[in-house]
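# What the coordinates show
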Amino acid sequence: MKYSKLFGKTIKEAPKDATAASHKLLYQAGYIRESTAGRYYFLPLGMRVMQKIQAVIKKEMDSVGAQEMIAPILHPLELWKETNRTNTAGFELMKVTDRRDAEFALGGTAEEMFVDVARKFPISYRDLPFHIYQFAPKFRDELRARGGLLRVREFIMKDSYSFDRNEEEFKKIYTVMAQVYATISKRLGLDTIKVESDNGYIGGEYCHEFIVESTEGESKFLLTPDGSYAAHEDIAKFYKPKHKDTEEMKPLEEVKGKGIIGVEPLAKFLKIPVEKTTKTILFETENGDVIAAAVQGMYDINEVKLKNILKCATLILARPEIVKKVTHAEVGYAGILNLPKSVRIIMDETMKGRMNFEMGANRTDYHSINVNFGRDLPLPETFYDIALAKEGYTAPDGKQKLIEKRGIEVGNIFQLGYHYSKLMKDAVFIDSDGKEKPYYMGCYGYGVGRSMAAIVEVHHDAKGIIWPDAVAPYQVHLIGITNNESSIRTKVENVYKELVSNGVEVLYDDREDVTAGAKFADADLIGMPVRLVVSSKTADKIEWKGRTKKDTELLNLDVVRKRLKK
């Protein structure tokens, strides 16, 4: 490709709102342009990178027997109604209506579509497992698009779906896909960490994200120094010492503490350890149910964990009028004593075994002390894990301290189990006993555009992008410094033709009205792995420079050709 003819050349200025290095560099180097917020054009250079990423993913998917297909972008809404995701997907779900008044969802994820196509065939246990995938646009009405390609509303994803007989057989595929994703990431030049995560509205019981460590990422996760445990903050666990209180039960009291809100000021006022305080937060679900969640005072409540326990679509802090209605007190004095029976109480494991502890008295300005189970509170049948893990807490192994990291999620693998096959009619196969049974499923996503951004976040310097060989839009950036000398121009043209005829991908900067310095700067910004220069100074040789190298070499064309073939 001759640079003079390339659509989408370099510019000096980045968008004013660009903060991420990948956003700035991909824009300046001519890979992307924004259409509307969260939607991007991939220019010719960007498209070539996308295709290279897809080729890597495809090769690894095909190597484990997955089969590529494509599903329609518009998903009949009745499919989403079968699985109740019209109510659970939230604001991210985008809907359209056609001229026949038929309703569709713009594909944000395609579980229903792939189950629907599977149930169109008579399948027996002999056909299992099968694994089908696609590269397709996805649409999610993100509340806040940011970071260029890091968080967008429209994107290309590889999503795939496995169908199997049972969990035992499924786990084999799950393990294989974890390795496939590690291999894909490595080939793309990305070091990923496999992190336990929350399924969100995808469904199922467990999943993992593949995260590239980066301060620009929105995924916050906790891990141990030895890497044996890594989990997204939404679901991370930590070691909770068991209470061994042997003190005598003290009389229940209500103490007036006007305006004292917050566990530390309260503990100081009451002259008790913070460990004796209780944090009680009231929430509302989409159905108007009121939930009281309680945890030992020095911890915070993890709303994602709580939401998963409740199996609700949305969870919000209870409005002040609701708090007053159920507690008869202002916000800040809620406890779980004497709440109406309509309020569901969820207690964290840190509440188990406590004695003589404090909590809000459900009376403005008052706090209850010396609260005890059995006498003041009924002992619940179940204590739950609803506490938010934080850096410095002890890991579940009871030994190591958790470290907090941020990163970019590039891939994820989900155990779906029977979640969709039991919700959708006739999503069954004929087993060896002749009976119909639902599929045991998994799904696996890998973001193409986000991977491009992650690669740039990891591989760049002050001068520009440094593409790994596997995804570089061209292998070589060829520069001719002719100073209008026809003999040099002819030579560099011949080098270009010779390399292209030998299957080398070349971006040739053939511009005559641009200085050598400007051409070199553009080459560094665009980021091809190798820069070749032909000029009067190189005589009958070609100057070779690796993008990350300081030194150059003078080589003859045969050596250049052989090196590039390797």
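Below or above, wherever it landed, is the structure these notes cover. (Residues numbered from 1 in each chain as written. Predicted model: local features only at pLDDT ≥ 70, side-chain atom pairs only at ≥ 80, totals over all residues. Heavy atoms only, no water.)

## Comments concerning the overall build of the chain
What counts is decided by this rule: Helix and strand labels come from DSSP, where a helix needs a run of H or I of at least four residues and a strand needs a run of E of at least two; each type is numbered from the N terminus. For every accessible area listed, the method is Shrake-Rupley and the probe measures 1.4 Å; residues are considered covered only by the protein chains on display.
Summing up its helical and strand segments, the chain has 13 helices and 30 strands in all. In terms of its C-alpha atoms, the chain occupies a principal-axis envelope of roughly 100 × 65 × 50 Å. Total accessible area computed for the chain in this model is approximately 27200 Å², and 51% of it derives from carbon and sulfur atoms.

## As for the sheet that holds strand β15 (residues 290-296)
Rule in force here: Strand pairing is assigned whenever DSSP identifies at least 2 bridges connecting the two strands. Note on method: axes are straight lines fitted to C-alpha atoms, helices fitted across the in-contact stretch only, with angles between N-to-C directions ranging 0 to 180 degrees.
Read from one edge to the other, the open sheet built from four strands follows the order β16-β14-β15-β17, with strand pairing classed as mixed. Both outer strands of the open sheet, β16 (315-317) and β17 (344-347), are each paired with one neighbouring strand and no more. Pairwise comparison of adjacent strand axes, ignoring direction, gives a mean angle of 35 degrees for this sheet. Both β15 and β17 contribute to a ladder of four bridges, which runs parallel. Residue pairing for β17: A293 is matched across the bridge by I346.

## Focus on the environment of V64
Put simply, the test is: Only protein chains enter the accessibility calculation, which uses a 1.4 Å probe. A residue is then buried if its area is under 20% of the maximum for its type, exposed if over 50%, and partly exposed in between. When checking whether two residues touch, look at their non-hydrogen atoms; a contact exists if any pair is within 4.5 Å.
By the element assignment, V64 lies in the loop between α2 (44-63) and β3 (67-68). Judged by relative accessible area, which is 38%, V64 ranks as partly exposed. Here the alpha-carbon distance between V64 and K422, two residues 358 residues apart in the chain, equals 27 Å. Excluding residues that lie within four positions of it along the chain, V64 makes contacts with V176 and V180.

## Here's the deal with empty space enclosed by the protein
Our working rule: The definitions used throughout rest on a 1 Å grid laid over the protein atoms alone, on which a cavity is an enclosed set of points accommodating a 1.4 Å probe that cannot get out and a pocket is an open set flanked by protein within 12 Å on both sides along at least five of seven lines; lining residues are those having an atom within 4 Å of a point. Grid points are joined across faces, edges and corners, and a volume is the space filled by probe spheres set on the points. All amino acids are sorted into three groups, where Ala, Val, Leu, Ile, Met, Phe, Trp, Tyr, Cys and Pro are nonpolar, Asp, Glu, Lys and Arg are charged, and the leftover types, Gly among them, are polar.
One pass over the structure, following the stated rule, counts two cavities of 30 Å³ or more. Lining the largest cavity, in full, are H477, A523, D524, M528, V530, R531, K545, G546 and R547. Of all the secondary structure elements, the ones that give two or more residues to the lining of the largest cavity are α12 (516-526), β28 (530-535) and β29 (542-546). Here the lining of the largest cavity is built from residues that sort into three nonpolar, two polar and four charged. Contributing to the lining of the second largest cavity are A71, P72, I73, H75, G107, A110, Q134, A136, P137 and K138. Sorting elements by how many residues they give to the lining of the second largest cavity places strand β7 (residues 130-139) first, with four residues.

## A few points about helix α9 (residues 320-327)
Filter applied, for reference: Directions drawn from the helix axis to the C-beta atoms are what define this arc.
For α9, the full list of buried residues reads I322, V323, V326 and T327. Here the buried residues of α9 occupy an arc of 110 degrees about the axis, which is enough to place them on one side. Projecting away from the buried face of α9 at angles above 90 degrees are the exposed residues P320 and K325. Where α9 is buried, its residues meet β14 (278-285) and β15. One or two residues past the end of α9 sits H328, with phi positive at roughly 60 degrees.

## Remarks on the side chain of N362
The test is simple: Polar contact is the term for a pair of N or O atoms within 3.5 Å; when the atoms are in protein, one must be able to donate a hydrogen and the other to accept it, and sequence-neighboring residues count only if both atoms are side-chain atoms.
Mapped onto the elements of the fold, N362 is located in the loop between β18 (357-360) and β19 (366-371). Within polar-contact distance, the side chain of N362 engages the backbone oxygen of L337 at 2.7 Å. Residues contacting N362, with those up to four places away along its chain left out, are T327, H328, A329, Y333, A334, G335, L337 and L339.

## As for the state of the cysteines
What counts is decided by this rule: Note on terminology: pairs of cysteine sulfur atoms within 2.5 Å are recorded as disulfides.
Following the criterion strictly, the structure yields zero disulfides and no others. Not engaged in a disulfide, the cysteine C207 finds its nearest cysteine sulfur in C443; these two sulfurs lie 8.5 Å apart. Exposure remark for C207: the relative accessible area of 3% places this residue in the buried category. The buried category is assigned to C443, whose relative accessible area is 4%.

## Some details on the environment of Q475
Tracing the backbone shows Q475 in the loop between β25 (464-465) and β26 (476-481). The partly exposed category is assigned to Q475, whose relative accessible area is 26%. When the C-alpha positions of Q475 and W544 are compared, they lie 12 Å apart, and in sequence the two are 69 residues distant. In terms of polar contacts, Q475 uses its side chain to reach the backbone amide nitrogen of E505, at 2.9 Å. In terms of polar contacts, Q475 uses its side chain to reach the backbone carbonyl oxygen of L564, at 3.5 Å.

## A word on the packing of aromatic side chains
Stated formally: The criterion for an aromatic pair is that two Phe, Tyr or Trp rings (for Trp, the six-membered ring) have centres within 6.5 Å, with stacked assigned to planes under 30 degrees apart, edge-to-face to planes over 60 apart and tilted to the rest.
Applying the stated rule across the entire model yields 19 aromatic pairs. Relative to Y206, the ring of Y174 has its centre 5.5 Å away and its plane inclined at 85 degrees; by these criteria the two rings are edge-to-face. Remark: Y206 occurs in strand β10 (residues 206-213) and Y174 occurs in helix α6 (residues 167-187); sequence separation between them is 32 residues. Take Y206: its relative accessible area is 24%, and that puts it in the partly exposed class. Taking the centre distance of 5.3 Å and the plane angle of 40 degrees together, the rings of F238 and Y299 count as tilted. Taken together, the residues span a long stretch of sequence, with F238 in the loop between β12 (230-232) and β13 (253-256) and Y299 in the loop between β15 and α8 (303-310) at a distance of 61 residues. The same class applies to F238 as to Y299, namely buried. Put simply, the rings of F170, Y174, Y206, Y418 and Y440 touch in pairs and so form one group of aromatic residues.

## Description of the sheet that holds β26
Spatial ordering of the open sheet is given by β27-β26-β28-β29-β30, a layout of five strands whose pairing is mixed. In this open sheet, the two edge strands, each paired with only one partner strand, are β27 (506-509) and β30 (553-555). Here the average twist between neighbouring strands, direction ignored, is 25 degrees. In this structure, β28 lies alongside β29, joined through four bridges in antiparallel fashion. Among the inter-strand pairings, V530 is bridged to a residue of β29, identified as G546.

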